[in-house]
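Analysis of the macromolecular model
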Amino acid sequence: MQVFKEKTPLQEAIKAAKSKAETIGLVPTMGALHQGHLSLVKQALEVCDRVIISIFVNPTQFDNPKDLEKYPRTLPEDIKLLEEASSNLWVFAPTANELYGDNISSEQFNFDGLEQVMEGKHRKGHFDGVGTIVKRLFEIITPHKAFFGEKDFQQLQIVRKLIEKTGLPVEIIGCPILREDNGLARSSRNERLNTNEREKASFIYQTLLKVKELFGTKSAEYIHNWVKEQFTNHPVLKLEYFEIADTRTLEKINRKRKGNTYRAFIAAYVDDIRLIDNIALNNEE
Ligand code: PAF
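In this text, all values refer to a predicted model and were calculated from it rather than measured experimentally. (Residues numbered from 1 in each chain as written. Predicted model: local features only at pLDDT ≥ 70, side-chain atom pairs only at ≥ 80, totals over all residues. Heavy atoms only, no water.)

Brief notes about the overall build of the protein
Across its full length, the protein holds 11 helices and 9 strands. The dimensions of the protein, computed from C-alpha atoms along their principal axes, are 55 × 40 × 35 Å. A burial count over the protein gives 54% of its 285 residues as buried. Across the protein, every contact between residues at least 6 apart in sequence was considered, and the portion connecting residues at least 24 apart equals 71%. A total accessible area of about 13,800 Å² is found for the protein, and carbon and sulfur atoms account for 46% of it. (Helix = DSSP H or I, 4+ residues; strand = E, 2+ residues; numbered from the N terminus. Buried < 20%, exposed > 50% of the residue type's maximum accessible area, 1.4 Å probe, protein only. Contact = heavy atoms within 4.5 Å. Areas by Shrake-Rupley, 256 points an atom, 1.4 Å probe, with all protein chains shown as cover.)

Looking at helix 8 (residues 153–166)
With 14 residues, helix 8 extends 20 Å between its outermost C-alpha atoms, agreeing within 8% with the 20 Å of an ideal straight helix rising 1.5 Å per residue. Of all 14 residues in helix 8, 10 are buried; the element is thus mostly enclosed. Phe-153, Gln-154, Gln-155, Leu-156, Gln-157, Ile-158, Val-159, Lys-161, Leu-162 and Ile-163 are the residues of helix 8 that are buried. Buried positions along helix 8 lie against helix 6 (118–122), helix 7 (126–141), strand 5 (145–149), strand 6 (171–175), strand 8 (262–270) and strand 9 (273–280). Where helix 8 terminates, the next one or two residues include Gly-167, which has phi positive at roughly 75°. (Expected span 1.5 Å × (residues − 1).)

Quick look at the packing of helix 1 (residues 7–19) against helix 7
In contact at an axis separation of 9 Å, helix 1 and helix 7 are set at 55° when each is read in the N-to-C sense. When the interaxial angle is binned, helix 1 and helix 7 end up oblique. Facing Lys-7, Leu-10, Gln-11 and Ile-14 of helix 1, the residues of helix 7 in contact are Glu-139, Ile-140 and Ile-141. In terms of residue class, the contact of helix 1 with helix 7 is made up of 4 nonpolar, 1 polar and 2 charged. (Axes fitted to C-alpha atoms, helices over the stretch in contact; angles between N-to-C directions. Parallel < 35°, antiparallel > 145°, perpendicular 65-115°, else oblique. Nonpolar A, V, L, I, M, F, W, Y, C, P; charged D, E, K, R; others polar.)

Observations concerning the pattern of salt bridges
With the rule as written, the count across this model stands at 20 salt bridges. Ionic pairing is found between Glu-22 and Arg-50, a salt bridge with its closest N-O pair at 3.6 Å. You can see Glu-22 sitting in the loop between helix 1 and strand 2 (24–29) and its partner Arg-50 sitting in strand 3 (residues 50–55), a full 28 residues away along the chain. Exposure class is identical for Glu-22 and Arg-50. Each is buried. (Salt bridge = Lys/Arg side-chain N within 4 Å of Asp/Glu carboxyl O.)

Let's talk about the site of the ligand
Around the ligand lies a shell formed by Pro-28, Thr-29, Met-30, Asn-58, Gln-61, Ile-133, Phe-148 and Gln-155. Between Gln-155 and the ligand, the recorded distance is 2.7 Å, taken from a side-chain N or O atom to an oxygen atom. When the free accessible area of the ligand is taken as 290 Å², the share hidden by the protein chains comes to 89%. When grouped by side-chain class, the residues that make up the shell around the ligand number 4 nonpolar, 4 polar and no charged. (Near = heavy atom within 4 Å. Polar contact = N/O pair within 3.5 Å; in protein donor to acceptor, adjacent residues only side chain to side chain.)

Observations regarding helix 4 (residues 75–85)
Within helix 4, burial applies to Asp-78, Ile-79 and Leu-82. All buried residues of helix 4 project into a common sector of 95° when viewed along the axis, lining one side. Across helix 4 from its buried face, at more than 90 degrees, point the exposed residues Pro-76, Glu-77, Lys-80 and Glu-84. (Arc of directions from axis to C-beta.)

Description of the side chain of Arg-179
You can see Arg-179 is positioned in the loop between strand 6 and helix 9 (195–200). A distance of 2.9 Å separates the side chain of Arg-179 from the backbone oxygen of Gly-183, its partner in a polar contact. Here Asp-277 takes part through its side chain, which lies 2.8 Å from a polar atom of the side chain of Arg-179. Aside from chain neighbours lying at most four places away, what touches Arg-179 is Leu-184, Ala-185, Arg-186, Tyr-205, Asp-277 and Asn-278.

Some thoughts on the UniProt feature "active site" (unreviewed entry) in the protein
The positions that UniProt labels "active site" (unreviewed entry) are, in the present scheme, His-37. Tracing the chain through its elements places His-37 in helix 2 (residues 35–47). Residue class for His-37 comes out buried when judged on its relative accessible area of 13%. (UniProt positions renumbered as here; feature names shortened; annotations may be inferred.)

Concerning unusual backbone geometry
A positive phi is found at Met-118, a non-glycine position, where the angle reads about 40°. As for its placement among the helices and strands, Met-118 is situated in helix 6. Here the phi dihedral of Asn-233 falls at roughly 65°; this positive angle occurs in a residue that is not glycine. The residue Asn-233 is located in the loop between helix 11 (220–231) and strand 7 (237–246) in this model.

Some details on the sheet that holds strand 8
The 3 strands lie next to each other as 7-8-9, forming an open sheet whose pairing is antiparallel. Each of the sheet's edge strands pairs with one partner strand only, and the pair in question is strand 7 and strand 9. Adjacent strand axes in the sheet meet at a mean angle of 15°, parallel and antiparallel pairs treated alike. Running at roughly 30° to strand 9, helix 10 (residues 203–215) makes contact with strand 7, strand 8 and strand 9 of the sheet. (Pairing = 2+ DSSP bridges.)

Encoded structure:
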């Protein structure tokens, strides 16, 4: 497995691979890799000749400096995990200087409102940071396909919008959420939970499952109130938001419309550890 720290040798290797008509897949990550990431890599390996995993903790997408500081950085372990997964992978693990030069700042994007709600509303500038780094990675690596997890469903829709707006020729592939045995969505942040917190945090998914059940018969308002009540006095979790939104526009539901599909989204804290999850509410999706 080859590890590239600099973009020029990587770009030369990509050029050579493309000259042999190889399909290039990109799995962008911030490292602290877990089975969820590996499932993206596996999907990428199934449809691409060459898979590149980028590992970079992107400073411009963190609104909270403490969160950035505490974000796990485990490059040697990440490389080992990837080596065990396949010998055919390339890793791109650049420095901030390699990607941003002296100017670590975000471009400003208009994602047609997708960036204004949920994560965008609670984490100011987050999606400008994500848009900036994803666009940069696409420009450097020029992948044919890029793989993103549905756990960050809003991010996935924003990356699709980025492609629509920039015209970059990258096919975006959304991959299903991988869960721990208790249902908790796999996340690098789970590493910071102790055993008890990890167990208790599965409440997020249990709640989403119940929401899916209620969605068939109850109004959105009823479900909102029900969810808020479930989190009140929870011993470990603090609800930041709960939303039911249109899958395509991410607009809050007013009333269910035939033909539209919806997802329910939760963000909650365990101390200062922020967890997010979501669930498709329509089976046809
Ligand atoms: O989902 C992530 O890990 C990050 O937001 C991404 C897409 C790698 C951009 O830094």
